Amino acid sequence: QNPLPLVSKNVVNKQLCASILLGDGFHNFADGIFLGAAFKSCSTGTAFSIVLVTLFHEIAQELADFVLLTRYASLSIINACVLNLLSGLSVCLGGIVFLALDPSDQATGIILAMAGGVYFNIAGCETIPRIANAVKGRIDRVWTLFSII
């Protein structure tokens, strides 16, 4: 039933580690760009709400990466934590790069729109199907529709 085979604890799957960490690094870098755009153009309260949303979505992502790195790529817990932390620091790099480039207001708006689209995509692909599975009756469907609108 497992899509990835468990491997011997002595052999580290370097290709799997690289793909997980590089993908996560680029993902975090993009999140850093989005956060930099938020702090540049939005109020402090709005920027921090975007930070919280990003943090909540990252917790699940980083836990999944940790499980993959320890269980399927055979990294030790310490190595997985250190490499996951290093990959996560690319958020800071993305924010610094964005703020250092000082893009125009139009470019910042486009980046914020893309960031909003990412979060709508996450909601549509991850959350709504789970809600649909939990909804049983007509009243639940009405409340679900009302909450989405």
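Report follows, based on the coordinates. (Residues numbered from 1 in each chain as written. Predicted model: local features only at pLDDT ≥ 70, side-chain atom pairs only at ≥ 80, totals over all residues. Heavy atoms only, no water.)

### A few points about the pattern of salt bridges
Think of it this way: side chains of opposite charge can pair up when their charged atoms draw near. Counted according to the given criterion, the structure contains 1 salt bridge. The salt bridge partner of K40 is D105, with a shortest N-O separation of 3.7 Å. In this pair, K40 sits in helix α1 (residues 14–41) while D105 sits in helix α5 (residues 105–134), placing the two residues 65 residues apart along the sequence. (Salt bridge = Lys/Arg side-chain N within 4 Å of Asp/Glu carboxyl O. Helix = DSSP H or I, 4+ residues; strand = E, 2+ residues; numbered from the N terminus.)

### Remarks on the environment of A115
Of note, A115 is situated in helix α5. A relative accessible area of 7% means that A115 is categorised as buried. (Buried < 20%, exposed > 50% of the residue type's maximum accessible area, 1.4 Å probe, protein only.)

### Topic: unusual backbone geometry
Trans peptide bonds make up the majority, and among non-glycine residues the majority have a negative phi. Positive phi values are uncommon outside glycine, yet S74 reaches one of about 65 degrees. Residue S74 is classed as buried on the basis of its relative accessible area, which comes to 7%.

### Notes on the state of the cysteines
Cysteine pairs can be covalently joined through their sulfur atoms, and such a bond is termed a disulfide. Under the defined criterion, the tally for this structure stands at 0 disulfides. With no disulfide of its own, C17 has C81 as its nearest cysteine by sulfur position, at a separation of 13 Å. (Disulfide = S-S within 2.5 Å.)

### Details of the nonpolar core
Of all hydrophobic cores here, the largest spans 9 residues; its members are L16, C17, I20, L21, L69, Y72, A73, L75 and A80. Elements that contribute at least two residues to this core include exactly α1 and α2 (44–72). Counting residues per element, this core draws most heavily on α1, which supplies 4 residues. Formed by 5 residues, the second largest nonpolar core is a distinct cluster that contains A37, F98, I111 and A115. (Core = buried A, V, L, I, M, F, W, Y, C linked by side-chain atoms within 4.5 Å.)

### Overview of helix α3 (residues 77–88)
An ideal rise of 1.5 Å per residue puts 16 Å on 12 residues; α3 measures up with 16 Å between its terminal C-alpha atoms. Looking at α3, one finds that the buried residues are A80, N84 and S87. Projected down its long axis, α3 shows its buried positions confined to an angular sector of 60 degrees, all on one face. Counted as exposed and oriented over 90 degrees from the buried face of α3: I78, L85 and L86. Against α1, α2 and α4 (90–101) lie the buried residues of α3. (Expected span 1.5 Å × (residues − 1). Arc of directions from axis to C-beta. Contact = heavy atoms within 4.5 Å.)

### Examining the side chain of S74
Along the polypeptide, S74 turns up in the loop between α2 and α3. Within the local environment of S74, its side chain forms a polar contact with the backbone oxygen of V11, the two atoms lying 3.3 Å apart. (Polar contact = N/O pair within 3.5 Å; in protein donor to acceptor, adjacent residues only side chain to side chain.)

### Thoughts on the packing of aromatic side chains
All chains considered together, the criterion is met by 1 aromatic pair. Between F39 and F48 the ring centres are 5.2 Å apart and the planes differ by 85 degrees, which places this aromatic pair in the edge-to-face class. On the basis of relative accessible area, F48 is assigned to the partly exposed category, the value being 47%. (Phe/Tyr/Trp six-rings, centres within 6.5 Å; stacked < 30°, edge-to-face > 60°.)

### A few points about a nonpolar patch on the surface
Together, L52, L55, F56, I59 and L63 make up an exposed nonpolar region whose accessible area comes to about 510 Å². On the secondary structure map, L52 appears in helix α2. The exposure class assigned to L52 is partly exposed, which follows from its relative accessible area of 44%. (Patch = residues over 30% accessible without salt bridge, like charges linked within 9 Å, V, L, I, M, F, W, Y side chains within 5 Å. Areas by Shrake-Rupley, 256 points an atom, 1.4 Å probe, with all protein chains shown as cover.)

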